Amino acid sequence: MEEVKLFGAWPSPYSSRVIWALELKGVKYEYIEDDLANKSDLLLHYNPVHKKIPVLVHNGKPIAESSVILEYIEETWPQNPLLSDDPHERALARFWTKFIDEKSVPFAKFFMADGEEHEKAAKEVRDLLKILEEQALGVKEFFGGNEIGLADLALGFIASSFGVIEQVVGVKVLQASEFPCLCNWINNFRENPAIKKSLQPVDQMAKKKKKGLCAT
Amino acid sequence: MADEVVLLDYWASMFGMRARVALAEKGVKYEYREEDLRNKIKSQLLLQMNPVHKKIPVLIHNGKPVSESLIIVQYIDEVWRDKAPLLPSEPYQKAHSRFWADFIDKKLYDACSKIWSTKGEEREAAKKDFIEILKQLEGQLGDKPYFEGEKFGFLDIALITFYCWFHAFETCGNFSIEAECPKLIAWAKRCMQRESVSRSLADEKKVYELVLGVQKMLGVE
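Residues numbered from 1 in each chain as written. Chains lettered and ligands numbered in written order. Predicted model: local features only at pLDDT ≥ 70, side-chain atom pairs only at ≥ 80, totals over all residues. Heavy atoms only, no water.

- As annotated in an unreviewed UniProt entry, chain B carries the name glutathione transferase and is attributed to Pyrus ussuriensis x Pyrus communis.
- The heading Catalytic activity (unreviewed entry) in the UniProt record of chain B holds the text "RX + glutathione = an S-substituted glutathione + a halide anion + H(+)". (UniProt positions renumbered as here; feature names shortened; annotations may be inferred.)

- An unreviewed UniProt entry lists chain A under the name glutathione transferase, with Pyrus ussuriensis x Pyrus communis given as the organism.
- Word for word, the UniProt comment on chain A under Catalytic activity (unreviewed entry) is "RX + glutathione = an S-substituted glutathione + a halide anion + H(+)".
- Regarding chain A, the UniProt comment filed under Sequence similarities (unreviewed entry) reads as follows: "Belongs to the GST superfamily."

Written out as structure tokens, the structure is:
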């Protein structure tokens with residue numbers, strides 16, 4: 001019998017990606033919330049190298065690093081595929097996943113920094129959203145094409161929690177006039193039934209974030 | 001229709017070498033195009049094919065670009081899948097290879113570039129980090145001939161291309177990597193016996209000359 005466990009943390013976009021992938025594929029799993037300020041022995045046992053969530057444990061075998069986990073999920077449960085069969089499309093999905101993975105610093109600074117540092121981060125975030133809007137998404141419904149794919153999950157935090165961050169910080173970057181495709185994508189992404197059920201109501205998230213819980 | 005394969009690269013780049021090794025493993029004919037990075041000149045083609053990062057390597061296959069070295073290696077593995085599979089077929093082993101290749105990308109480059117681009121205490125700290133990382137990788141290798149067992153593959157490719165830079169690190173840092181990680185060096189020499197590797201890696205003496213030149217520019221001895 002299959003045993004799937006996921007060690008995650010609610011504010012982490014890396015954790016959310018894995019939850020969405022499992023939900024989209026209809027995989028039954030046990031979710032274990034890890035306290036990032038006080039990491040469990042079990043987490044340290046399963047991910048001794050980085051000591052981070054998320055970690056997927058499948059029949060006792062641990063897999064760490066969200067993008068590695070997503071590819072593992074895709075190969076193990078091929079239903080509702082997250083990657084195209086076409087190698088070039090697959091390479092693009094991986095490219096945009098890596099792109100956003102390397103941009104956690106400007107998003108973190110946008111959320112947490114003040115004054116000049118914050119302004120600089122806001123500009124960086126706007127610039128990279130522009131790249132996503134024009135070069136990654138274009139006129140497609142999703143980054144993966146007609147269906148949600150790997151890159152959509154990697155970028156999903158923009159749809160699930162960026163709006164809340166903007167509210168908390170009091171700065172609006174993602175305007176529909178400037179980013180029509182991205183805003184459209186956000187609606188499509190949030191409306192997907194598997195994604196929808198895992199989204200927290202916006203006001204709840206805003207309250208939690210105001211209490212100072214980190215969102216990177 | 002014949003495949004048209006172009007690789008935009010820089011002779012000393014350990015990332016570019018990964019693509020070269022993968023193409024050689026698969027016996028793919030391609031056109032190699034050198035970017036003049038030493039003089040900071042990037043071709044129009046590079047800027048067009050990788051507008052986001054403007055970096056090499058870029059593989060252009062029948063006009064379509066693929067960027068990021070590990071993504072390129074996976075692409076090569078998927079397109080030319082009839083010969084010399086690079087990634088393991090079993091999902092958990094694949095995940096293991098991907099995890100450690102990601103580890104190499106996150107940790108190794110920064111640690112080793114600090115060995116030659118800094119001095120004094122910073123350099124000593126970089127050496128310590130670098131050896132620790134290599135020891136972790138050596139631990140993963142164990143007593144196996146290659147990282148995934150009997151066959152040369154993805155994770156071997158991810159790491160072996162750093163080998164031609166080891167001479168430069170050792171000379172700048174005044175230490176012996178073999179003394180610290182004998183099994184890893186034995187593995188590297190084993191990989192170098194493969195033509196795909198020995199023909200793709202840069203000459204270590206030329207790499208050292210390059211490093212000396214950059215050090216002079218930076219004002220670091």
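A closer look at the UniProt feature "domain: GST N-terminal" (unreviewed entry) in chain B
Here comes step 1: What UniProt calls "domain: GST N-terminal" (unreviewed entry) maps, in this numbering, to residues 3–84 of chain B.
Here comes step 2: With 37% helix and 21% strand, residues 3–84 of chain B has end C-alpha atoms that lie 18 Å from one another. (Helix = DSSP H or I, 4+ residues; strand = E, 2+ residues; numbered from the N terminus.)

Some details on the layout of surface pockets
Residue and element names in this part refer to chain A.
Here comes step 1: In this structure, the second largest pocket encloses a volume near 440 Å³.
Here comes step 2: Contributing to the lining of the second largest pocket are 22 residues, with L82, G144, E147, I148 and G149 lying nearest its centre.
Here comes step 3: For the lining of the second largest pocket, the secondary structure elements donating two or more residues are helix 4 (87–101), helix 6 (115–137) and helix 7 (150–160).
Here comes step 4: No other element matches helix 4, which puts four residues into the lining of the second largest pocket.
Here comes step 5: Split by residue class, the lining of the second largest pocket holds twelve nonpolar, seven polar and three charged. (1 Å grid on protein atoms, 1.4 Å probe; cavity = no way out; pocket = protein on both sides within 12 Å on 5 of 7 lines; lining within 4 Å. Points joined across faces, edges and corners; volume = space filled by probe spheres on them. Nonpolar A, V, L, I, M, F, W, Y, C, P; charged D, E, K, R; others polar.)

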